[in-house]
Each structure stands twice: as C-alpha cells, then as structure tokens.
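Residue-level structural notes
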Amino acid sequence: MNHLRDLALPGSDRPLDLADILNALVAQGRLELETAEQLSVLRRAATGDGARAHPLEFIAAQAPSDKARPGKTLDIDILSRWLATEADQPFYRIDPLKINVAAVTPLMSFAFAQRHRILAVEVNDREVTIASAQPFVSSWEANLVHVLKREIRRVVANPADLQRYSVEFYRLARSVSGANASDQKNSVIGNFEQLLNLGSMGLEPDANDAHVVNIVDWLFQYAFEQRASDIHIEPRRETGSVRLRIDGVLHTVYTFPLQVTVAVVARLKTLGRMNVAEKRKPQDGRVKTKSPQGNEVELRLSTLPTAFGEKMVMRIFDPDVLLRSFDKLGFSGEDQRRWQAMVKQPNGIILVTGPTGSGKTTTLYTTLKQLATPEVNVCTIEDPIEMVEDSFNQMQVQHNIELTFASGVRALMRQDPDIIMIGEIRDLETAEMAIQAALTGHLVLSTLHTNDAPSAVSRLIELGVPAYLIKATVLGVMAQRLVRTLCPHCKEPTEVDAEAWRELTRPWNAALPSNAHRPVGCPECRETGYRGRAGVYELMPLTDTIRGNIHVDTDLDALRRQAYKEGMHSLRLSGAQKVGAGLTTIEEVLRVTPTSQH
C-alpha cells in the first residue's frame, strides 16, 4: 500500500506534492481514482491563491467524498490527522486558549516562521514543540536547535490554522511589545466613538496608541469568536492576565506586561465613557460594537480597584438572547405551560431566584419581550440596565442622586404601567413597593438571591414582609441554574452510574435513562465535550394549599413537601430530565444544583 512516509528519504527535505497525496489516498481506499484525476486537472488550471494553497487545503476546498466514511467528505481536519499518521508525528490542534503566546513568539522571528511555514506552540526548559504542515521538510531544524539550545519535538497541524494563528500571534506580540516600549501617557487618547469597528487591526495608523487599539480590537474579536460571556482583565504584581468565561468556566488567554494592562484598561474606560483619571473608585460603563458577523453586541464594563491596580470585567450581552424562545432557554413543555400561566395574570408578583450568573435576567428579558405588546406599558428599574431593548421603558438605579429601586418603583407607579420589572428585591422598602404595585393592579417581575423556590418565601419574611401580604400578592416563584450542554458533534451514548442517578432523583427514584450521553471532545467544543448552556428550573406556583403553609414561622420543609405533592420538580430532577434526554451529564447537574431537601 502506498504510504507518504515511503517518500521521506533521509536528507530529501521534500515538500508535499499533490500527486503524492492523491496517490496515497487512492491506494488506501480513501479517494476514488476518478476524483483524484479531476483534482489534478483542477490544480494545474488553478491560479492565484488556489495554486499556492497547501495541497491538503486544496483537496479540502473541493470537498471530495471520503470512501472510508460514507456520506462524509475529506475535510481539512480529517486530512491533517491523516497526514500526521502518515508522517508518524503527533497531530496537534492549535487552540489559542491553550497556547502561551507570550512565551512562544520570541522563540523565532515572524519572517523565519513564515518562510518555513512553522509555528512554535509549546516550550519548556528541555524542548520546543514546533507545528508544521510539511512533516518531511527539516532544513530549518538544525538552525533552531543551535539558536534555542533545546530539542525539537515535531507535530503536524492543520495548514489553515497554522497560517492564521501565525499571523495573529505575531501581530498581537508585536502590539504588546510596541505598547510596552512606547510612552503610555498618550495611549488612552484615540477613539471616543461608542461604536467600534472591529477587524481593522491591519489598517490602524502606526501612532503610539495604535498598539493598544490593536490589542483591544483583538481581545473583542477573540472573545466573540470563542463564545465568551465575560472578559476579565486582572492586574498582578508584575503582569496582567486576560481570562475569558466560556460556558461558565474561566480560561486564561494571555499575560500582558503590567503597563500594557494599565493602557488596555485605560483605553476601554475611554470607550466606555468612564473617568480615566479616577482609579480609586469602582466605575461602570458600556460599549456597543459589532461582532465579526456584523451583529451589534453590547458590553457592560465594570472596574474595581485592587491591590495591583484596576481590574476590569466586561460582560458580553448577545442581542440574540432577546429573540430566543423558551424551549431554547431549556424550558420543558410542562415548565413553559406553568410559567406562561403565571405571567398571563393581570396582577401579582412573580419572583425568579438563583445565584449571580444563573440566567435570571435572560429569563426575565425573554418574558418581558413576549409580554411587551403595543397594548401594554412595560417599565423596568435595573441596576444597571443589562440590555437596552426598545420595546420597554428602562430606568437605571443611580445611588449618587438617591434613585434607588424603591424610589424608582414609586416614580414608575405614576407612569401608568401595566407590567413592572424590578431588577432585584434587596430590602424591605423595595419589597413593600413591589407589593404596593401588585395590590394596585400591576404585574411585577423581580429577582431574589435564594437557593431554591420555596426559600424565596422565607427570604421575604426575613426582610420583614408580613405573611398575609405574601399570600395576597405572590403568584409564584421560579428557581433556576445553568448547566453546560453536551456538544452535539461528539457526544457518545453511555450507561449512567446507578448510584449517582439515585442521588440525583431522590426521592422520586426515577427509572435509569436509556438515552444518556457522555462528553468526548472535538474541535467544535475545543475538546471540552460541552458547547453552550441551558437552564434547569424549579417552578412553584402559589396555590391555595401552599398559601395555607405560609405564616410568620413558616416550616420550609413542609412548604417544600406540599409543593412537590402539587407537581413541583426540584432543580436536580429538572436536570435529570435533561440527562435522560442526552443533553447534559449527571456530573454537570450535581455541580450546579443545590442538594435536594426533602
């Protein structure tokens, strides 16, 4: 059988030829002979980029059928893995989240990396890992060993990724070193517009602050591409780090010199219309920009003075959130029916509970968007406004002028509202205003920080709300959490652990699921096995019997038991349904949900 490694004669230093690859693919039964001949003819006729493309990129661009995998094509990833096997070198998927760009770019110049089409991807005291898509070319090795005084470990990478990340890594490294070398006093002038144009890294004038502009530009583009929900820029004693939160988990992306971190934070503060000179007080701001796909994206900025300087967190709000349906958020059919029955009421209070980052705001916005028809007046008071939406009237809490939740609701009551959303009930005064609004014929939606739905009742009593007012106004409570969902591209069926399943479904003791899946890991999910998140919900409508259990010293366990009797599912049971449907795993549900109390 024809193998490429037969061509790798010692010292031949031969670049891959399309004909050699096609012959090997045909001989191994991966490609039809007729298809290979057509590809050869196409290559001879190609001009420009098509003629210069790496042979694997050229084959993948024509998407020929893969005989070894019926119904699938020979894509660039499959071909790159095949080449690695042929060359007897490990395959390496370039994941920028896992590469220490600051450590690998100084190992060789950009010109050297481009000339030989190689990229350093890992380094330690003993060896450097070099990715290449030409496994049989080794003329550059002796030079590098001599300069770096380390052994070289060779790996094969996807040629398209290799070219793309070489340019990105070196451009970023150049911007960082340029920003570090130049005088940072001027680096925060620049652009005061609110709408940033991304993708203009190569077009920036080479002024002193152009380096910082490049870094900020790269940061945004990269975060959007990786589906991040938050960007953290954190100063440390000598350096500053950038971390992205993806599917609820933080990943370190880059480490900057400290003065570059300071300059980047200053640039972001300028864009967010914040006071650049004020570094002692926390500040909030917002920036509107466009994603590489052209969608408008809003970022909420927040700074915090720390021991080593200002830390900044940027929360990225995806405008598509407002267009999502309830089933996309993770509501089951039954949850949706019960939730809709509650929000269709003309007046009363509906509470959504859960910790920070559990998706409460998304649920409320999706609900308000659905309720905000031209016939009703929807008003919100938030701290801060998370997503600006033009179908309802939004007001922001401003403590410096004594505009609090309570005084805001008081003002909203004079605005002839039908539906009021209060960002959070934190104190008795806000709770009393919410109750006042509900008693005077308004529907009020708000959030509370409690572990589960029944605890919301005891939380209101702790705040000082009389039990009879809770009975009279609260329509229902929903607790929620976000679980990571399995990547649809690589998940595999599996048997569930009976002990863990019993723990998850106590006291219902549900039958073991037949459709459970486990995470595997593929390029689509960056080898994590998970892609995206969905909600798990615990819905407790306040029925007459549940109201009967509410009094000054409410027995929370009795209340919970009654709610279970009336069909409420615990957060864990709601998660178990998603495990049974093959959407997530037992470990993930146990990680985010509180222990079920019975």
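Just so it is clear, the structure is predicted and the values come from calculations on it, not from any experiment.

Thresholds applied
- Residues numbered from 1 in each chain as written.
- Predicted model: local features only at pLDDT ≥ 70, side-chain atom pairs only at ≥ 80, totals over all residues.
- Heavy atoms only, no water.
- Core = buried A, V, L, I, M, F, W, Y, C linked by side-chain atoms within 4.5 Å.
- Buried < 20%, exposed > 50% of the residue type's maximum accessible area, 1.4 Å probe, protein only.
- Helix = DSSP H or I, 4+ residues; strand = E, 2+ residues; numbered from the N terminus.
- Contact = heavy atoms within 4.5 Å.
- Axes fitted to C-alpha atoms, helices over the stretch in contact; angles between N-to-C directions.
- Left-handed = near helix turned anticlockwise from the far one by under 90°.
- Nonpolar A, V, L, I, M, F, W, Y, C, P; charged D, E, K, R; others polar.
- Pairing = 2+ DSSP bridges.
- Parallel < 35°, antiparallel > 145°, perpendicular 65-115°, else oblique.

Considerations on the nonpolar core
- With 64 residues, the main nonpolar core has Ile231, Tyr254 and Met314 as its most contacted residues.
- At nine residues, the largest contribution of residues to this core is made by helix H10 (residues 210-225).
- When neighbours within four sequence positions are excluded, Met314 is seen to be in contact with Leu219, Phe220, Ser229, Asp230, Ile231, Ile233, Leu268, Leu299, Arg300 and Leu301.

A word on the packing of helix H4 (residues 55-62) against helix H5 (residues 76-87)
- Close contact between H4 and H5 brings their axes to 9 Å; oriented N to C, the two are set at 140°. With respect to the hand of their crossing, H4 and H5 are arranged in right-handed fashion. Residues Leu56, Glu57, Ile59 and Ala60 of H4 pack against Ile76, Leu79, Ser80 and Leu83 of H5.
- Classifying every residue of the contact of H4 with H5 gives six nonpolar, one polar and one charged.

Topic: the sheet that holds strand E11 (residues 348-353)
- Pairing within the open sheet is mixed, and its seven strands lie in the order E13-E12-E14-E15-E11-E16-E19. In this open sheet, the two strands that pair with only one neighbour each are strand E13 (393-396) and strand E19 (530-541). Strand-to-strand twist across the sheet, computed as the mean angle between neighbouring axes with direction ignored, equals 20°.
- Here strand E12 (residues 378-382) pairs with E13 via four bridges, running parallel. Following the sheet pairing, Cys379 is matched in E13 by Asn393.

Quick word on the packing of helix H19 (residues 498-505) against helix H22 (residues 571-580)
- Here H19 crosses H22 at 135°, and the two axes come no closer than 8 Å. Between H19 and H22, the interaxial angle falls into the category oblique. Two secondary-structure elements touch here, H19 through Trp501, Glu503, Leu504 and Thr505 and H22 through Arg572, Leu573, Ala576 and Val579.

Examining the pairing of strand E5 (residues 228-235)
- Most of E5 is tucked away: eight of the eight residues are buried.
- Two strands pair when backbone bridges link them, and E5 and strand E6 (residues 239-246) are joined in this way by seven bridges, in the antiparallel orientation. Bridging across to E6, Ile233 finds its partner in Val242.
- What sits between the antiparallel neighbours E5 and E6 is a turn of three residues.
- Pairing between E5 and strand E10 (residues 309-317): four bridges, direction antiparallel. Each bridged residue has a counterpart across the sheet, and for His232 the counterpart in E10 is Val313.

What to know about the pairing of E10
- Bridge count for strand E9 (residues 296-306) against E10 is nine bridges, and the pairing is antiparallel. Across the sheet, the residue bridging to Glu298 is Phe317, located in E10.
- Connecting E9 to the next strand, E10, in antiparallel fashion are two residues.

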